[in-house]
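What follows is each chain in one-letter form.
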Amino acid sequence: MTKAVKIIIFIYFFGLLTSCKKDFIHSIHGKVTNTSTVSAIEDATVILQYWNASDNSNPYLYDSVYTDANGNFYFKRSKKILWQYRLTVKHPDYYNGYEDIDQEKSPYNFSLKPR
């Protein structure tokens, strides 16, 4: 095989590898606060539930994080077309909150009412 043919084959395979569909990474983030005092709620569990809206047989998938000392949370996800998302916030000292979200619109802030 000549050097020119090897170069053409290399360029062809390199083009195939770099042209593959890539996921776009985006973030879903926000803050959780106390309704009464407007102070941050630390260690609240924030659950990201997501599912393929075009396939009803597809089960729900979940990710979860805890809020930091300032009440902030952050998810880094690959963006999926036709998927639906819901955020649920839980803390033992507060009533739960949830919201169906649009992955394009962040931040999502939650204000929880104390029990």
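Provided above is the structure to which this section pertains.
Let us look at the structure shown here. In this text the structure is predicted, and so the values were computed from the model without any measurement.

## Side note on the overall build of the protein chain
When helices and strands are tallied, the protein chain shows one helix and seven strands. Along the protein chain, helices and strands appear, N-terminal first, in the series α-β-β-β-β-β-β-β. Taking all 115 residues of the protein chain together, 30% fall into the buried category. Restricting to contacts in the protein chain with at least 6 residues of sequence separation, those with at least 24 account for 56%.

## Looking at the pattern of salt bridges
Per the counting criterion, the structure on display carries one salt bridge. With a shortest N-O distance of 2.6 Å, Arg 86 and Asp 100 are connected by a salt bridge. Of the two residues, Arg 86 is situated in strand E5 (residues 83-91) and Asp 100 in strand E6 (residues 94-101); the sequence distance between them amounts to 14 residues. On the accessibility criterion, Arg 86 (25% relative accessible area) is partly exposed.

## Digging into the packing of aromatic side chains
The full count for this structure, using the stated rule, is four aromatic pairs. An angle of 65° between the planes, with centres 6.3 Å apart, marks the rings of Phe 73 and Phe 75 as edge-to-face. With respect to class, Phe 73 is no different from Phe 75; both count as buried. Consider the rings of Phe 73 and Phe 110, whose centres lie 6.5 Å apart with planes at 50°: the pair is tilted. Here Phe 73, found in strand E4 (residues 72-78), pairs with Phe 110, found in strand E7 (residues 108-112); they are 37 residues apart in sequence, far enough to count as distant.

## Examining the sheet that holds strand E3 (residues 61-66)
Taken in spatial order, the four strands of this open sheet run E3-E2-E5-E6, and their pairing is antiparallel. Looking at which strands have only one partner, the edges of the open sheet turn out to be E3 and E6. Strand-to-strand twist of the sheet, defined as the mean angle between neighbouring strand axes without regard to direction, takes the value 15°. Examined bridge by bridge, strand E2 (residues 45-52) and E3 share six bridges and lie antiparallel to one another. Across the sheet, residue Val 46 finds its bridge partner in E3, namely Val 65.

Rules used in this analysis
- Residues numbered from 1 in each chain as written.
- Predicted model: local features only at pLDDT ≥ 70, side-chain atom pairs only at ≥ 80, totals over all residues.
- Heavy atoms only, no water.
- Helix = DSSP H or I, 4+ residues; strand = E, 2+ residues; numbered from the N terminus.
- Buried < 20%, exposed > 50% of the residue type's maximum accessible area, 1.4 Å probe, protein only.
- Contact = heavy atoms within 4.5 Å.
- Salt bridge = Lys/Arg side-chain N within 4 Å of Asp/Glu carboxyl O.
- Phe/Tyr/Trp six-rings, centres within 6.5 Å; stacked < 30°, edge-to-face > 60°.
- Pairing = 2+ DSSP bridges.
- Axes fitted to C-alpha atoms, helices over the stretch in contact; angles between N-to-C directions.

By themselves these figures say nothing about function.
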